[in-house]
Amino acid sequence: MNIGKRDALLVVVLVALSLTWSAVAISHGTPLSRYDEWTYVDYAWKMAYGHVPVQGEDLADETLEAWSCRGMEGSIQGVYVPVCGARTEGRGIEEWPYRGENYNGFHPPLYFALAGHGGTFLASHFHTDFVTGARWISAFFVAGGVAALYLALRSWRASRRAAFAGALLALATPAVGASAGIVHNDAVTLLAGAAGVWIAARIFLDHRLGSTAPALVMVGISATRVISVGALLAVLCAVGCAVIRPESFGFSLSDRRRLLRLLLVSVLALLLVYLLWSRWQNGRRPADYVPAISGLSTVTLGEGGYDSVLASLLDGYGLTDPRSDFYLQPGVRSGVVKVWAAFLYLVYLVTPVLAIILLWSWRRHRGLVVATVAGPAAAALAVQAREIVNSAAYFRIISGRYAISTVGLHVTVLALLTDRPGWRDGFLAFAGSGYLLMLGGTLLTSVG
């Protein structure tokens, strides 16, 4: 697919729309997000000064001050964040929620290195604070993800209008919008999802079966946020199906060996990064360490059992359940967004079904169908497997946010299904309405 000047212009427009949303979210959503943003701020801050935090260490004084001065909605286990200046006045770290512990040091470092150094640079050159600077790094990640998703959609031969609408709808997905205005490695998820869509097109549409590109993409994603490999894992599920029945996906029997090699090399790339990083980080923390957050949202296997784990794999479908799948802090949250999310939840819930019914007859689209259907379950399985290995526990509920990398697969299906006269205009209107509801809801709430 040749990318022309009009494509470049549409990419610029999408980046501008994404950064506009981020500017509003960052300026109006001053409090730290209850998505553990304080731990990510701490990780990024320490990386900027040459220290890789280990799970369980104390939050830096600068982090505690930022947490107190910006505030946070409500309390955690009955503990409220102390007032601004409390740490400099000598208040003990145990007075902060979770005893001021950073329990998120297990995450890989790439995002935090960029957020830390980038946030420090922006804070010093634009006369702002570190948190705002680091939040803008998240904004740039999401804007890059929106642009990359547009190009990935074009690689599926989607028209410019359908591709633009699909990328815009992904941005208007509440969990994606939330990550564009906070310090959190969720910000890399849309970029990871776009990479999954592009790899799927390489394999199933263009029959390019080299293993180098998928492996490098897997390494890059794994070094930022392991759970963001969900979309690529879903694509690998489709590759596995093609290994079993290559002719069903438009391949010849002679392609089976290359498909298998692609699958194995990609999985090994994931395991290599994850195991090496986990081995190093786990070796640095105390042997008897128990996270302060332990038991808050997890259950031990002894209490629940593997049948409950299997049932939880369905939780991620729909991606935007307003009851559990995203959180927007005061100043950004609005009733309008919740209504939009509830409607979008239904759309994403039926998307895999529509893919099976309407796209399965096209052999070269079957890989996309399998990946879209398997995506949320594959992401949920990765989350639960990691928790079981690390702590012999599992999450009671898998938030659709953990499967949000698969939003790229979902919007690709929707773009292809609506890419016909009349329909693509309707899809663009739907995506544009979602973006305006997100943006307008925030602005109206703030004014009110």
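What you see is a predicted model; the values in this text were computed from it and never measured.

**Some words on the overall build of the protein**
For step 1, the next point in the chain: Helices and strands together make up the secondary structure of the protein, namely 16 helices and 4 strands.
For step 2, the next point in the chain: The C-alpha radius of gyration computed for the protein amounts to 21 Å, which stays within 12% of the reference 22 Å derived for 448 residues, consistent with globular compactness.
For step 3, the next point in the chain: A burial count over the protein gives 59% of its 448 residues as buried.
For step 4, the next point in the chain: Summarising the internal contacts of the protein: among those between residues at least 6 apart in sequence, 78% fall at separations of at least 24.
For step 5, the next point in the chain: Looking at the protein as shown, the accessible area adds up to about 18,000 Å², and 65% of this sits on carbon and sulfur atoms.
For step 6, the next point in the chain: When the 35 positive and 28 negative side-chain charges of the protein are each reduced to one mean point, those points stand 14 Å apart.

**Details of helix H10 (residues 230–244)**
Owing to its 3.6 residues per turn, the α-helix brings residues three or four apart onto one side.
For step 1, the next point in the chain: Look at H10: 21 Å from first C-alpha to last across 15 residues, which is about the 21 Å you get at 1.5 Å a residue.
For step 2, the next point in the chain: Within H10, 12 of the 15 residues are buried, which leaves the element mostly enclosed by the surrounding structure.
For step 3, the next point in the chain: Along H10, the residues classified as buried are Gly230, Ala231, Leu232, Leu233, Ala234, Val235, Leu236, Ala238, Val239, Gly240, Ala242 and Val243.
For step 4, the next point in the chain: On its buried face, H10 is in contact with helix H8 (189–205), helix H9 (212–222), helix H11 (256–284), helix H14 (366–391) and helix H15 (407–417).

**What about the pattern of salt bridges?**
For step 1, the next point in the chain: For the structure on display, the rule yields 18 salt bridges.
For step 2, the next point in the chain: Across the pair Arg160 and Asp7 runs a salt bridge whose closest N-O atoms are separated by 3.4 Å. Taken together, the residues span a long stretch of sequence, with Arg160 in helix H6 (residues 160–171) and Asp7 in helix H1 (residues 5–28) at a distance of 153 residues.
For step 3, the next point in the chain: Of the charged contacts in the structure, one is a salt bridge between Arg87 and Asp61, with a shortest N-O distance of 2.7 Å. Within this pair, whereas Arg87 is found in the loop between helix H3 (61–70) and strand E2 (101–102), its partner Asp61 is found in helix H3, the two being separated by 26 residues in sequence.

**Remarks on the state of the cysteines**
For step 1, the next point in the chain: Per the counting criterion, the structure on display carries 1 disulfide.
For step 2, the next point in the chain: Two residues, Cys69 and Cys84, share a disulfide whose sulfurs are 1.9 Å apart. Taking the torsion about the S-S bond as the criterion, the Cys69 to Cys84 disulfide, at about 75 degrees, is right-handed. Remark: Cys84 occurs in the loop between H3 and E2 and Cys69 occurs in helix H3; sequence separation between them is 15 residues.
For step 3, the next point in the chain: With no disulfide of its own, Cys237 has Cys241 as its nearest cysteine by sulfur position, at a separation of 7.2 Å.
For step 4, the next point in the chain: On the accessibility criterion, Cys241 (31% relative accessible area) is partly exposed.

**Focus: a nonpolar patch on the surface**
For step 1, the next point in the chain: Judged by side-chain polarity, Phe343, Leu346, Leu349, Val350, Val353, Leu354, Ile356, Ile357 and Leu358 come together as a nonpolar surface patch covering roughly 790 Å² of accessible area.
For step 2, the next point in the chain: Within the secondary structure layout, Ile356 lies in helix H13 (residues 335–359).

Criteria and thresholds
- Residues numbered from 1 in each chain as written.
- Predicted model: local features only at pLDDT ≥ 70, side-chain atom pairs only at ≥ 80, totals over all residues.
- Heavy atoms only, no water.
- Helix = DSSP H or I, 4+ residues; strand = E, 2+ residues; numbered from the N terminus.
- Rg over C-alpha atoms; globule rule 2.2 N^0.38 Å.
- Buried < 20%, exposed > 50% of the residue type's maximum accessible area, 1.4 Å probe, protein only.
- Contact = heavy atoms within 4.5 Å.
- Areas by Shrake-Rupley, 256 points an atom, 1.4 Å probe, with all protein chains shown as cover.
- Lys, Arg positive; Asp, Glu negative; His and termini not counted.
- Charge placed at Lys NZ, Arg CZ, Asp CG, Glu CD.
- Expected span 1.5 Å × (residues − 1).
- Salt bridge = Lys/Arg side-chain N within 4 Å of Asp/Glu carboxyl O.
- Disulfide = S-S within 2.5 Å.
- Patch = residues over 30% accessible without salt bridge, like charges linked within 9 Å, V, L, I, M, F, W, Y side chains within 5 Å.

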